[in-house]
Amino acid sequence: MCGITGWVSWTRNLEHQESIVENMTSSITHRGPDTGNTWLKGQAAFGQRRLIVIDPEGGHQPMVYQTGDYSIVLTYNGEIYNFKELRNELEAKRHTFQSSSDTEVLLHAYLEWEEDCVHHLNGIFAFSVWDERKEQLMLGRDHLGVKPLYFAERDGDILFGSELKTLFAHPSVKPVLDADGLSEIFGLGPIRTPGQGVFKDIEEVRAGHYVLFQHNKRKTEHYWTLESKEHTDDLDTTVSTIRSYLEDTVNRQLFADRPVVSMLSGGLDSSGLTAIASKQLESSGETLNTYSMDFENSDDSFEEDFLRVDRDEPWVEKVSQHAGTEHESVILNAQRLVDNLLVPMRARDLPGVGEIESSLYLLFTEMKKNATVALSGESADEVFSGYPWFHKQEFLNAETFPWLLNMTGISAVLSDSMKEKLDLPAYQKARYEEALKEVPVLEGENDLQAKQRRMSYMFITRFLPFMLDRKDRASMMTGFEVRVPFCDYRLVEYLWNVPIDMKNVDGIEKGILRRALSEYLPEDVLYRKKSAYPSTKDKEYFEGVKNWMLTILKDPSSPLLPYINTERVYQIALGEVKDVQPSQAKALFDYLIQINEWMKEYNIQVEI
């Protein structure tokens, strides 16, 4: 895993711009704490920070291939899980290799197939290739968007990087918000529009896309998308196909030259991956280490809510014993969560979801002490239609993103002037209708089936990117790699067309996955109800963010104040608004605190 950045200019030679490229590269040292390097020649300048996972001696970047007088240069963040097969295929085509790294395989895949190389890749990746022969820059991103990649065009120059901060390290890019950017922050929350960099004139390469830049020319290609067709496999075949995909992708993702561990929540998804990985490692005499996270006082403070039905820890212990793992539970207290609230915001350069992200960051900080790579059950609920939203008519019938029905707190506390200037309902509707137009419909489906397919598309293309983004930033902030087997694009393609009734076989959400994992898990774990990632209910945490919020409200220099109804937020903090529950108030304070500190720390300019 790595952090990448670069600069291509159509108007000037960049060979003497090393200090700027060094600044861009050093801004993401956390993504690659092991080594760093830059490459500058003519119109192009690339930088890379490396977290060594495969081939410590090889795989150095930027990686250069010389053909005559021309250079072809690669910077790359990610893992190519089928790189061994690709290497064999390329060797049969007379390519020769100097290392055992997947980086070199990716470079030669470009040499062989140019931009069509993306059709040969199975993995998580964000990469750039400067092809001096064509004077062309290619930016490519993996199928589901596990690895981030942003870019900006400025006065004939292309700037790109794994994180927004790499762009801000260049003197021509300023953190400016226009009306659309503010609408993303206040109207959509952290679940933003794909391709939207939030800041003015900054974009991201969308999942399953690549972008080609030449002088005065830009082309975006959507190389992978979901295709709707009739699912013809019977139930038993579907179960065995899912199981074989999971066994294969876990086996591929256990490969590393550094220790690999697994996250374990005691839920179906992480428990299943843990059991598969443990069994595969056991065959070679290895023991899998697993990690979970809990809060101090959770025995007393836990409360059931829309997404959480019970505590994880009792189930974690049961699965660890069953799978034979060495387990460690990381216990976090309220003050530590408050103290680290802003770290994920700095990691993603945008406000996020508060303590749910800071607890992830703290969990990865502990895991990093003993390992470099972890498996995670992220994305199973999106691709198996596991969330409660999929199964309730009020959400299926909603003419908006379903999660917005549970996220009204932010827009409800905007100042009247901001409501008038931004028109958030219109913005939300426009973004939703854009997403609707993308849905690949299947002729012959009834109304309910069509709504469920639409719901599935929204979660895979809108909600999942947010979940992957928070996991990438929280982990890479500590120089730690998290792999997501449920994001294997082959599995996602297959599940896209499995009818939801079959997914929910046996009358329970993700019933098809439970059957696929029946050989790996005890029955009570198999049929545990869905319970989301933990969120603290500790009153000490609530008091901490409430007091922080009150301090912001009382400081006339707080940059947040012109955007919110301060009296309304003040009343919520004092508990005077009876229809706002403490859990809702906590989430609101988390987000508003981050916006305030983000606007201050990044010196954000607003143009509306």
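Above: the structure in question.
Conventions used here
Residues numbered from 1 in each chain as written. Predicted model: local features only at pLDDT ≥ 70, side-chain atom pairs only at ≥ 80, totals over all residues. Heavy atoms only, no water. Helix = DSSP H or I, 4+ residues; strand = E, 2+ residues; numbered from the N terminus. Rg over C-alpha atoms; globule rule 2.2 N^0.38 Å. Contact = heavy atoms within 4.5 Å. Pairing = 2+ DSSP bridges. Axes fitted to C-alpha atoms, helices over the stretch in contact; angles between N-to-C directions. Buried < 20%, exposed > 50% of the residue type's maximum accessible area, 1.4 Å probe, protein only. Polar contact = N/O pair within 3.5 Å; in protein donor to acceptor, adjacent residues only side chain to side chain. Phe/Tyr/Trp six-rings, centres within 6.5 Å; stacked < 30°, edge-to-face > 60°. Disulfide = S-S within 2.5 Å. Salt bridge = Lys/Arg side-chain N within 4 Å of Asp/Glu carboxyl O. Parallel < 35°, antiparallel > 145°, perpendicular 65-115°, else oblique. Left-handed = near helix turned anticlockwise from the far one by under 90°. Nonpolar A, V, L, I, M, F, W, Y, C, P; charged D, E, K, R; others polar. Core = buried A, V, L, I, M, F, W, Y, C linked by side-chain atoms within 4.5 Å.

Chemist: I'm lost on the overall build of the chain in this one. Help?
Modeler: When you go through the chain residue by residue, the secondary structure sums to 25 helices and 19 strands. Since a compact globule built from 608 residues should have a radius of gyration of about 25 Å, the 24 Å found for the chain is in line with a globular shape. Taken along the three principal axes of its C-alpha coordinates, the chain extends 75 × 60 × 50 Å. The long-range share in the chain, meaning contacts at least 24 apart out of those at least 6 apart in sequence, stands at 73%.

Chemist: Quick question: what am I supposed to make of the pairing of strand E4 (residues 63-67) here?
Modeler: Working note: regular strand, side chains alternate between the two faces of the sheet. When E4 meets strand E5 (residues 70-80), the two strands line up antiparallel, connected through five bridges. Note on E5: the bridge partner recorded for Thr 67 is Tyr 70. Hairpin remark: E4 followed by E5, antiparallel, with two residues in the connecting loop; positive phi at Gly 68, about 65°.

Chemist: Would you take a moment to explain the sheet that holds strand E16 (residues 326-332) for this structure?
Modeler: Hydrogen bonds along the backbone pair up the strands of a sheet, which may run parallel or antiparallel. The sheet built from five strands is open, its strands ordered E16-E15-E14-E17-E18 with parallel pairing. With partners counted over all chains shown, the strands left at the sheet margins are E16 and strand E18 (481-483), one partner each. Neighbour-to-neighbour, the strand axes of this sheet turn through a mean angle of 30°, independent of strand direction. Where helix H12 (residues 355-367) meets the sheet, it contacts strand E14 (260-263), strand E15 (289-295), E16, strand E17 (373-375) and E18, and its direction lies at approximately 140° from that of E15.

Chemist: I'm lost on the pairing of strand E9 (residues 157-161) in this one. Help?
Modeler: For E9, a buried count of five out of five residues is recorded, marking the element as mostly surrounded by other parts of the structure. Here E9 shows no split at all, with Asp 157, Leu 159 and Gly 161 on one side and Ile 158 and Phe 160 on the other all buried. Looking at chain direction, strand E1 (residues 2-9) and E9 are connected through five bridges and run antiparallel. Looking across to E9, one finds that Ser 9 is bridged to Asp 157. As paired elements, strand E8 (residues 150-154) and E9 share five bridges and run antiparallel to each other. Counterpart to Tyr 150 in the pairing with E9 is Gly 161. The turn linking E8 back onto E9 is made up of two residues, and Asp 155 within it adopts a positive phi angle of 50°.

Chemist: Help me understand the side chain of Lys 510 in this model?
Modeler: Structurally, Lys 510 is set in the loop between helix H20 (500-503) and helix H21 (511-516). One polar contact links Lys 510 to Asp 269, side chain to side chain, over a distance of 2.8 Å. Dropping the residues within four chain positions of it, Lys 510 is found in contact with Leu 268, Asp 269, Ala 380, Asp 381, Phe 384, Gly 386, Lys 503, Asn 504 and Lys 530.

Chemist: Honestly, unusual backbone geometry in this entry has me stumped. Any pointers?
Modeler: For residues besides glycine, phi is generally negative; the peptide bonds are generally trans as well. Residue Pro 62 follows Gln 61 across a cis peptide bond; omega there is -10°. Note on placement: Pro 62 falls in the loop between strand E3 (44-50) and E4.

Chemist: Help me understand the environment of Thr 103 in this model?
Modeler: Residue position: Thr 103 is located in helix H3 (residues 102-113). Judged by its relative accessible area of 5%, Thr 103 falls in the buried class. Taking the C-alpha atoms as reference, Thr 103 lies 37 Å from Leu 337; in sequence the two are 234 residues apart. Apart from the residues lying within four places of it in its own chain, the contact partners of Thr 103 are Gly 59, Gln 61, Met 63, Leu 74 and Tyr 76. Looking at Thr 103, its side chain comes within polar contact range of the side chain of Gln 61, at 3.5 Å.

Chemist: What am I meant to see in the packing of aromatic side chains here?
Modeler: The geometry of an aromatic ring pair comes down to the distance between the two centres and the angle between the two planes. The final tally for this structure, using the stated rule, is 29 aromatic pairs. With a centroid separation of 6.0 Å and an interplanar angle of 50°, the aromatic rings of Trp 10 and Trp 130 are classed as tilted. On the criterion of sequence distance, the pair formed by Trp 10 in the loop between E1 and helix H1 (18-26) and Trp 130 in strand E6 (residues 123-131) is long-range, its members being 120 residues apart. Assigned by exposure class, Trp 10 and Trp 130 land together as buried. Arranged with centres 5.3 Å apart and planes meeting at 45°, the rings of Trp 403 and Phe 463 form a pair that is tilted. Taken together, the positions of Trp 403 in the loop between helix H14 (393-396) and helix H15 (409-412) and Phe 463 in helix H18 (residues 447-476) put the pair 60 residues apart, joining distant regions of the chain. The class of Trp 403 is buried, set by a relative accessible area of 3%. Within the aromatic cluster, the residues linked to one another by ring pairs are Tyr 387, Trp 389, Phe 390, Phe 401, Trp 403, Tyr 432, Phe 459, Phe 463 and Phe 466.

Chemist: Sorry if this is basic, but what is going on with the sheet that holds E4 here?
Modeler: Taken together, the six strands give an open sheet; going across it, the order is E4-E5-E6-E7-E12-E13, and neighbouring strands pair in antiparallel fashion. Each edge of the open sheet carries a strand with a single partner, namely E4 and strand E13 (217-222). Strand-to-strand twist across the sheet, computed as the mean angle between neighbouring axes with direction ignored, equals 15°. With four bridges joining them, strand E7 (residues 136-141) and strand E12 (residues 209-214) adopt antiparallel strand pairing.

Chemist: Looking at this structure, how should I read the state of the cysteines?
Modeler: Formally, a disulfide is one covalent bond, and it connects the sulfur atom of one cysteine to the sulfur atom of another. Tallied over the entire structure, the rule returns zero disulfides. For Cys 2, which is in no disulfide, the shortest distance to another cysteine sulfur is to Cys 117 and amounts to 17 Å. Lacking any disulfide linkage, Cys 487 is separated from the closest cysteine sulfur, that of Cys 2, by 19 Å.

Chemist: Any chance you could explain the pattern of salt bridges here in plain terms?
Modeler: Here the idea is simple: oppositely charged side chains can pair when their charged atoms come close. Enumeration according to the criterion identifies 48 salt bridges in this entry. For Lys 318, the salt bridge goes to Asp 524, with nearest N and O atoms at 3.0 Å. With Lys 318 in helix H9 (residues 313-323) and Asp 524 in helix H22 (residues 523-526), the pair connects residues that are 206 residues apart, well separated along the chain. Two residues, Lys 586 and Glu 355, come together in a salt bridge whose shortest N-O distance is 2.8 Å. A residue pair is termed long-range when its members are at least 10 positions apart, and Lys 586 in helix H25 (residues 582-601) and Glu 355 in helix H12 qualify at 231 residues. The buried category is assigned to Lys 586, whose relative accessible area is 9%. Several salt bridges converge on common partners, so that one network encompasses Arg 31, Lys 147, Glu 163, Lys 165, Arg 348, Asp 349, Glu 357, Asp 469, Asp 472 and Arg 473.

Chemist: I tried to follow the packing of helix H23 (residues 539-554) against H25 on my own but got confused; where do I start?
Modeler: In a pair of packed helices, the angle between the axes and the distance between the axes together describe the arrangement. Where H23 contacts H25, the two axes come as close as 9 Å, and the packing angle between them is 45°. Between H23 and H25, the angle is such that the two are oblique. In this structure, the crossing between H23 and H25 has a hand that is left-handed. Counted together, Tyr 541, Phe 542, Val 545, Lys 546, Trp 548, Met 549 and Ile 552 of H23 and Pro 582, Ala 585, Lys 586, Phe 589, Asp 590, Leu 592, Ile 593, Asn 596 and Glu 597 of H25 form the full contact between these two elements. Of the residues belonging to the contact of H23 with H25, the class tally is 11 nonpolar, one polar and four charged.

Chemist: Hey, could you run me through the nonpolar core in this one?
Modeler: One broad trend across soluble globular proteins is that nonpolar side chains are buried collectively. Ranked by size, the top nonpolar core spans 103 residues in total, and within it Phe 127 and Leu 144 carry the most contacts. For this core, the element with the highest residue contribution is H18, accounting for 10 residues. Residues in contact with Phe 127, not counting those within four places in the same chain, are Ile 4, Leu 74, Thr 75, Tyr 76, Leu 106, Cys 117, Val 118, Leu 121, Met 138, Leu 139, Gly 140 and Leu 149. Counting residues in hydrophobic clusters, the runner-up holds 81 residues, among them Ile 202, Met 345, Tyr 361 and Ala 371.

These results come straight from atomic positions and should not be treated as a statement about function.
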